[in-house]
Amino acid sequence: MKIQVQRVSKSFTADGRRTPALVDIDLDVADRELICLLGPSGCGKSTLLNIVAGFLEPTSGTILVDGRPVTGPGADRGVVFQEYVLFPWLTVQGNVEFGLTLKGVPADERRRIARRYLELVGLVQHAQKFPVQLSGGMKQRVAIARALANAPSIILMDEPFGALDAQTREILQEELGRIQRVEHKTILFVTHSIREAVYLADRVVVMTSAPGRIKQIFAIKLPETRDRFAPEFTQYESEITRVVKEEVAKVHE
Amino acid sequence: MARGSVLLSVPEMMEWGLRGPAVPRRRALRLRVLSIVLFLGAWSLAAGIVQAAGLFNPIFLPGPWLVLGKVLAMAVQGELWAHVGATLGRVAIGFSTGAALALLLGLPAGHVRAVRNLVEPVVELLRPIPPLAVLPLFIVWIGIGESAKAGFITYATFFPMFLTTVHAVRQIDPLLIRAAQSLGARPRQLFFRVILPAALPEILTGLRLGVALSFFVIVISEFIAAEQGLGFLINDGRSFFLVPQMLGAAVLLGVLGYAGNALVRLVERRVARWQQAV
């Protein structure tokens, strides 16, 4: 197993009150698997991602990556944020090379690798621009290239397409699918879009509303290149929608 | 993206939509020059009216040309350069020491909570005291020599530069830190490759404040005890009603302050190229 989430719980303390966010999460993620974490907002899916990234410590339980416990953030787990979070003082190329620079990779090697990933996301001609000059979709492409160029075996994506318009969002979903068929990363992808989850995931993990537990796991047995209008696709969509709706209803009770 | 090109970037388009088209550079420059010309014109007019109508003794309000003449005369005689040099030297030493201290203490104080809790209370206690109030103390402690003048600038400029540095580090988006950490940044790399560049624009704003403040306070310490410097020229002029000399020195201080500001702006434009990239 690539990632093992073992009885992970997390609660936050504010004003002396403890609020549980995650309760007893157990999840095994296989190598090269793409898992979508799906659930109503506030269900703790991003919290789980942040724990796997090493940004947060679980209150109890452990996360193992390649059998070793996670103790903090590291270059083996690339992260793509909803807010893009590019380094604004670096060019597109500088951003993509950032992790390699930290490792001390020589400049020509860095340039070669950056070029490869900028080609993969279709931004080679924008290599010398600064992030302020890019649209949201382009920024997120840079963030994906930056994560990939650092050669992590795991990529954690926290609603990466959540801030984009519907068209850009679908285009990027398709690009991610295409990239995954080349790069074969282990991906943990947080989303609240059911369509997005069915389109991308090998397995969809539906979480309960707060405190977050795993409610149900759907294995998506669809071909690698997916058709959003195929009957099997919509079949999965409606099945998952039914399960998610139960949870959303609970939030509003 | 080049200015005036048809394809605008998204932020540029938004700026355009919100505030209308930017004023072309040449027209902006013309307006700026016009503003100075109008000011000099109003000044000349006022001086002329005083002279013509005999409102009061015209030596109290000499026109700009008289002031310029006095400055040029002093420049030709050579005495001006000693005064300008003395002021500039004190500002250079005092300001750079202040800036170095502000960065040396401010960067760690912004980054590490323990350091901040240790340093900030003292700073907050001393900061509300007007620097002028401690000038006599400086004279008592270190005398009226050069080190007291430079030291006074250091003291006065330290506070705003320290506070902007602390703020510059504290306002850094924590997600930038997380992004760098998940790309493998160790603490040292985090500091030099993320925190420093992210804080730099605001730090430079603080330095510009410091430069302006340097010229502000140097004059005062040159009033009290100096044989040279632009502040001395003003004070000396006061004793003998040499108004053109007083105004000339004041104008020179303004020009020097402006140049200092422009110098830091130049550095800003160099290191924060990405901000103007739009």
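In this report, the structure presented in the accompanying data block is examined. Quick caveat, the model's predicted, so the values are computed rather than measured. (Residues numbered from 1 in each chain as written. Chains lettered and ligands numbered in written order. Predicted model: local features only at pLDDT ≥ 70, side-chain atom pairs only at ≥ 80, totals over all residues. Heavy atoms only, no water.)

**Description of the environment of B:Leu103**
Residue and element names in this part refer to chain B.
Consideration 1: Its place among the elements puts Leu103 in helix H4 (residues 79–111).
Consideration 2: On a C-alpha basis, the gap between Leu103 and Thr154 in space is 13 Å, while along the polypeptide they are 51 residues apart.
Consideration 3: Not counting residues up to four positions away in its chain, the partners in contact with Leu103 are Pro108, Thr165 and Ile203. (Helix = DSSP H or I, 4+ residues; strand = E, 2+ residues; numbered from the N terminus. Contact = heavy atoms within 4.5 Å.)

**A word on the sheet that holds strand E2 (residues 17–29) of chain A**
Residues and elements named next belong to chain A.
Consideration 1: Pairing is antiparallel across the open sheet formed by four strands, whose spatial order is E2-E1-E4-E5. Each edge of the open sheet carries a strand with a single partner, namely E2 and strand E5 (68–69).
Consideration 2: Where strand E1 (residues 3–14) lies against strand E4 (residues 60–65), five bridges are found, and the strand directions are antiparallel. Looking across to E4, one finds that Ser9 is bridged to Ser60. (Pairing = 2+ DSSP bridges.)

**Some points on the sheet that holds strand E3 (residues 34–38) of chain A**
Residue and element names in this part refer to chain A.
Consideration 1: Strands sit in the order E6-E7-E8-E3-E9-E10 across an open sheet of six strands; the sheet is mixed. Taken across any chain shown, the strands that pair with only one partner, and hence form the sheet edges, are strand E6 (77–80) and strand E10 (214–219). Within this sheet the neighbouring strands show an average axis-to-axis angle of 15 degrees, counted without direction.
Consideration 2: Packing against the sheet, helix H4 (residues 136–149) makes contact with E6 and strand E7 (154–158), and its axis sits at approximately 175 degrees to E6. (Axes fitted to C-alpha atoms, helices over the stretch in contact; angles between N-to-C directions.)

**Structural notes on helix H1 (residues 45–53) of chain A**
Residue and element names in this part refer to chain A.
Consideration 1: In terms of residue burial, H1 counts as a mostly covered element, since eight of its nine residues are buried.
Consideration 2: All of the buried residues along H1 are Lys45, Thr47, Leu48, Leu49, Asn50, Ile51, Val52 and Ala53.
Consideration 3: Phi turns positive, to about 90 degrees, at Gly54, one or two residues after H1. (Buried < 20%, exposed > 50% of the residue type's maximum accessible area, 1.4 Å probe, protein only.)

**Observations regarding the packing of aromatic side chains**
Consideration 1: Taken as a whole and assessed by the stated rule, the structure comprises 12 aromatic pairs over all chains.
Consideration 2: Taking the centre distance of 6.0 Å and the plane angle of 80 degrees together, the rings of B:Phe60 and B:Phe241 count as edge-to-face. Taken together, the residues span a long stretch of sequence, with B:Phe60 in the loop between helix H2 (25–53) and helix H3 (64–77) and B:Phe241 in the loop between helix H10 (230–239) and helix H11 (243–271) at a distance of 181 residues.
Consideration 3: Measuring from centroid to centroid gives 5.9 Å for B:Phe138 and B:Phe152, while their planes differ by 70 degrees, and the two rings are edge-to-face. Taken together, the residues B:Phe138 in helix H6 (residues 131–142) and B:Phe152 in helix H7 (residues 146–170) connect sequence positions 14 residues apart. Each member of the pair, B:Phe138 as well as B:Phe152, carries the same accessibility label: buried.
Consideration 4: Among the aromatic residues, those joined into a ring-pair cluster are B:Phe138, B:Phe152, B:Tyr155, B:Phe158, B:Phe159 and B:Phe162.
Consideration 5: The cationic tip of A:Arg146 hangs over the ring face of A:Phe87; the distance from NZ or CZ to the ring centre is 4.9 Å. (Phe/Tyr/Trp six-rings, centres within 6.5 Å; stacked < 30°, edge-to-face > 60°. Lys NZ or Arg CZ within 6 Å of the ring centre and 35° of its normal.)

**Points about the interface of chain A and chain B**
Consideration 1: The partner chain B presents 24 residues to the 27 residues of chain A that form the contact.
Consideration 2: The contact between chain A and chain B buries some 2,300 Å² in all, and 72% of this surface belongs to carbon and sulfur atoms.
Consideration 3: Of all residues in chain A, A:Trp89, A:Leu102 and A:Val132 bury the most surface against chain B, accounting for 30% of the area lost on that side.
Consideration 4: Between chain A and chain B we count zero salt bridges in total.
Consideration 5: Sorting the residues of the side of chain A that touches chain B by element identifies E6 and helix H2 (92–103) of chain A as the ones contributing at least two each. (Buried area = accessible area lost by both parts, 1.4 Å probe. Salt bridge = Lys/Arg side-chain N within 4 Å of Asp/Glu carboxyl O.)

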